[in-house]
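Here is how the chains run, residue by residue.
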Amino acid sequence: MKNAKELQFEALYQSHKDKVYRLCLGFVREKEQANDLFQEILIKIWRHLDSFKGESEISTWIYRIAYNTALTFAAREKKKDQKQTEMPENLDLSEPENYNSEQEIRIQMLYEAINELPELDRVIATLLLENTAYKSIAEISGISENYVAVKVNRIKAALTQKLNPQPHGN
Amino acid sequence: METNFNDIQQLWQSQKADNFDLAELIQQMKATEKKQKLEWILGLACTPLTIAFLVYVLPLKDSVLGILTLVIISIAMAWVIWLNSKSLLKKVEDSESYSQRNYVEDQLRKLNLRGKIIQKHMITYGVLLAVAINLGYLEVLAPLALQYRLVAHLGATLFVAGIMWFTLRKKKSKFETESQPMIRQLEKLLIELKN
C-alpha cells in the first residue's frame, strides 16, 4: 500500500510534470539529457518533500528546486559538450519527412532561441512562457520585480524576433 | 505569418512530458535512501571504531605520547569529516525561502571549499597524521636501537607523504576538470544576478 509521501509525490508529479519537463528542454539540447535532468529533479523533490512546510506555494518550491538543479546540471553538461568533437560540415542531419512538421520546426527554433539566452534570461524566459507572475519569478530567481520587468521586455523581443526572421530578398 | 508572444507561449505549452515509470522510480529512491542511511551510519561509526581499535590494540593508552597520538588522530579525522560534510553539494535547495542567488552563492562557497580542502587542508591533515604516527612510534619503538627507530620514523613519514601526494594529485585533477568549469559558470551567473 502507498504511504502518504508517495501519494503526495504522485499528485505533485501529475500536476507539475509537463512544466518541469519543458523547463528541462529549455536548459539542455538533447532529449536524453532532458530526461536525465527531469529524473534528477524528481529525485530531489522526493528527497526534500518532508521538509516542505507550506510557507510558500508548492509550485514556487518545486520550480526553485527544478531551476537550481537545472543550473548545476547545465553547467556540468556544458563542460561535456565542449569535449565532444565538432560535427563535420555538410552533414545531412535532416529528420524523416513526417517528423519535420511546421510545429516541430518552430518548437526546435524556440528551444534554440531559449538556449542562446544567458542563464538568468533562460530561467526568466521559461517561467514567463508558463505564465508565471513577475512576483514569483522574482522570488525564484532572487532578483527584484522591477529588474524582472526590464528583463521580460528584452526576452519577449528576443524570442519574437527569433521566431519571426526577416525575409531575405524582396 | 507573424508570431506574437502569446503564440510562442502556446507553442511552448504544447510540449508534454513523456510517460515516466513513477512507481519504479519511487522504489529506486526508497532503496537509495535506505542505502544512504546505512552508509551514513557506517561512516559515522568508522572514526570511533578506528580510535577504539588504536586504544585497545596498540600499547598507546598508558603513556602521555600515546594519548597525544590518539588525540591528534581523533581531532584530525573529526576535522576532515566536518570539512567534507560542509563541502557537500546537497540539501541546499530544500528551503522554501531559498532563491537562485542564495543557491548560486552557496554552491560557489561549497565548491571553493572543496578546492581549499585539496590545496590546503588535506596537507595539514597529512602533516598532523605524520606527527601523530611519529609520536606513537617514539613510544612503541623505544626499546629498539636508534638506527631502526630512525628508519621506522622516516619510512612512516615518507609513506604518509606518498599516500597524500597520490591522493591530492588525483583529487586536484578531478577538481580542475569537474569543479572549476562549474565555478566559472556559476560566477558568471552570480555577476548577472547581482546586476
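Residues numbered from 1 in each chain as written. Chains lettered and ligands numbered in written order. Predicted model: local features only at pLDDT ≥ 70, side-chain atom pairs only at ≥ 80, totals over all residues. Heavy atoms only, no water.

Peer 1: I would appreciate a short explanation of the overall build of chain A in the present structure.
Peer 2: Along the backbone of chain A there are 7 helices and 0 strands. Start at the N end of chain A and walk to the C end: the helices and strands fall as α-α-α-α-α-α-α. Within chain A, the fraction of its 170 residues that count as buried is 49%. Intrachain contacts of chain A at a sequence separation of at least 6 include 65% that bridge at least 24 residues. (Helix = DSSP H or I, 4+ residues; strand = E, 2+ residues; numbered from the N terminus. Buried < 20%, exposed > 50% of the residue type's maximum accessible area, 1.4 Å probe, protein only. Contact = heavy atoms within 4.5 Å.)

Peer 1: Is there a simple way to explain the UniProt feature "transmembrane region" (unreviewed entry) in chain B in this structure?
Peer 2: Mapped onto this structure's residue numbering, the UniProt feature "transmembrane region" (unreviewed entry) falls at residues 38–58, 64–83, 122–144 and 150–168 of chain B. Regarding residues 150–168 of chain B, the helix share stands at 100% and the strand share at 0%, and the terminal C-alpha atoms are separated by 27 Å. (UniProt positions renumbered as here; feature names shortened; annotations may be inferred.)

Peer 1: For this particular structure, what's the right way to read the environment of E33 of chain B?
Peer 2: Counting through the fold element by element, E33 of chain B comes out in helix α2 (residues 22–57). Other than its neighbours up to four places away in sequence, E33 of chain B contacts K5, W46 and R47 of chain A.

Peer 1: What am I meant to see in the pattern of salt bridges here?
Peer 2: Where charged atoms from two side chains of opposite charge approach closely, those side chains can pair. Residue and element names in this part refer to chain A. Evaluated as defined, the whole model comprises 5 salt bridges over all chains. Note that K162 is salt-bridged to E116, the shortest N-O span being 2.8 Å. Taken as a pair, K162 in helix α7 (residues 145–163) and E116 in helix α4 (residues 102–116) lie far apart in primary sequence, 46 residues in all. With a relative accessible area of 40%, K162 lands in the partly exposed category. For E116, a relative accessible area of 52% gives the class exposed. (Salt bridge = Lys/Arg side-chain N within 4 Å of Asp/Glu carboxyl O.)

Peer 1: It is not clear to me how the interface of chain A and chain B should be interpreted in this structure. Could you clarify?
Peer 2: The parts lose accessible area when they come together, and the size of an interface is often stated as this lost area. Opposite the 69 residues of chain A that make contact, chain B presents 45 residues. Carbon and sulfur atoms supply 59% of the area buried between chain A and chain B, which totals about 5,200 Å² over both sides. At the junction of chain A and chain B, the tally comes to 0 salt bridges. Among the secondary structure elements, those contributing two or more residues to the side of chain A that touches chain B are α1 (4–27), α2 (31–48), α3 (58–83), α4, α5 (119–129), α6 (134–141) and α7 of chain A. Along the lines of polarity and charge, the residues of the side of chain A that touches chain B split into 29 nonpolar, 18 polar and 22 charged. (Buried area = accessible area lost by both parts, 1.4 Å probe. Nonpolar A, V, L, I, M, F, W, Y, C, P; charged D, E, K, R; others polar.)

Peer 1: Help me understand the nonpolar core, please; the structure alone is not making it clear to me.
Peer 2: One broad rule of soluble globular proteins: the nonpolar side chains tend to lie buried together. By size, the foremost hydrophobic cluster in this structure holds 96 residues, and its most contacted members are F9, F27, F38, I41, Y67 and L159 of chain A together with V104 of chain B. Per element, the largest residue contribution to this core is 13 residues, and it comes from helix α4 (residues 100–140) of chain B. No fewer than three residues from each of domain 1 (1–88) and domain 2 (98–170) of chain A sit in this core. Sequence-distant contacts of I41 of chain A, that is, excluding residues within four places in its chain, are made with V20, L23, C24, I65, A66 and T69 of chain A. (Core = buried A, V, L, I, M, F, W, Y, C linked by side-chain atoms within 4.5 Å. Domains from an automatic or database assignment.)

Peer 1: Would you mind showing me how to read a nonpolar patch on the surface here?
Peer 2: A cluster of nonpolar side chains, F53, Y56, V57 and L58 of chain B, forms an exposed patch at the surface whose accessible area comes to about 440 Å². When you line up the elements, F53 of chain B lands in helix α2. (Patch = residues over 30% accessible without salt bridge, like charges linked within 9 Å, V, L, I, M, F, W, Y side chains within 5 Å. Areas by Shrake-Rupley, 256 points an atom, 1.4 Å probe, with all protein chains shown as cover.)

Peer 1: Even after reading the chapter, I still don't get α5 of chain A, so can you show me in this structure?
Peer 2: Since there are 3.6 residues in each turn of an α-helix, residues three or four apart along the chain are aligned in direction. Residues and elements named next belong to chain A. Burial analysis of α5 places 11 of its 11 residues in the buried class, the great majority of the element. Every buried residue belonging to α5 is among E119, L120, D121, R122, V123, I124, A125, T126, L127, L128 and L129, and all of these are buried. Taken from the residues just after α5, N131 is the one with a positive phi, measuring 65°.

Peer 1: Just to check I follow, could you spell out the packing of aromatic side chains for this structure?
Peer 2: Two descriptors summarise a pair of aromatic rings, namely the distance from one centre to the other and the angle between the planes of the rings. All names here are of chain A. The full count for this structure, using the stated rule, is 8 aromatic pairs over all chains. Measuring from ring centre to ring centre gives 6.0 Å for F27 and Y67, while their planes differ by 65°; the resulting arrangement is edge-to-face. Taken as a pair, F27 in helix α1 and Y67 in helix α3 lie far apart in primary sequence, 40 residues in all. Overall, F27 belongs to the buried group, its relative accessible area being 3%. Given the relative accessible area of 2%, Y67 is considered buried. Linked through ring pairs, Y13, Y21 and F38 together constitute an aromatic cluster. Lying over the aromatic face of F27, R122 brings its terminal NZ or CZ to 5.4 Å of the ring centre. (Phe/Tyr/Trp six-rings, centres within 6.5 Å; stacked < 30°, edge-to-face > 60°. Lys NZ or Arg CZ within 6 Å of the ring centre and 35° of its normal.)

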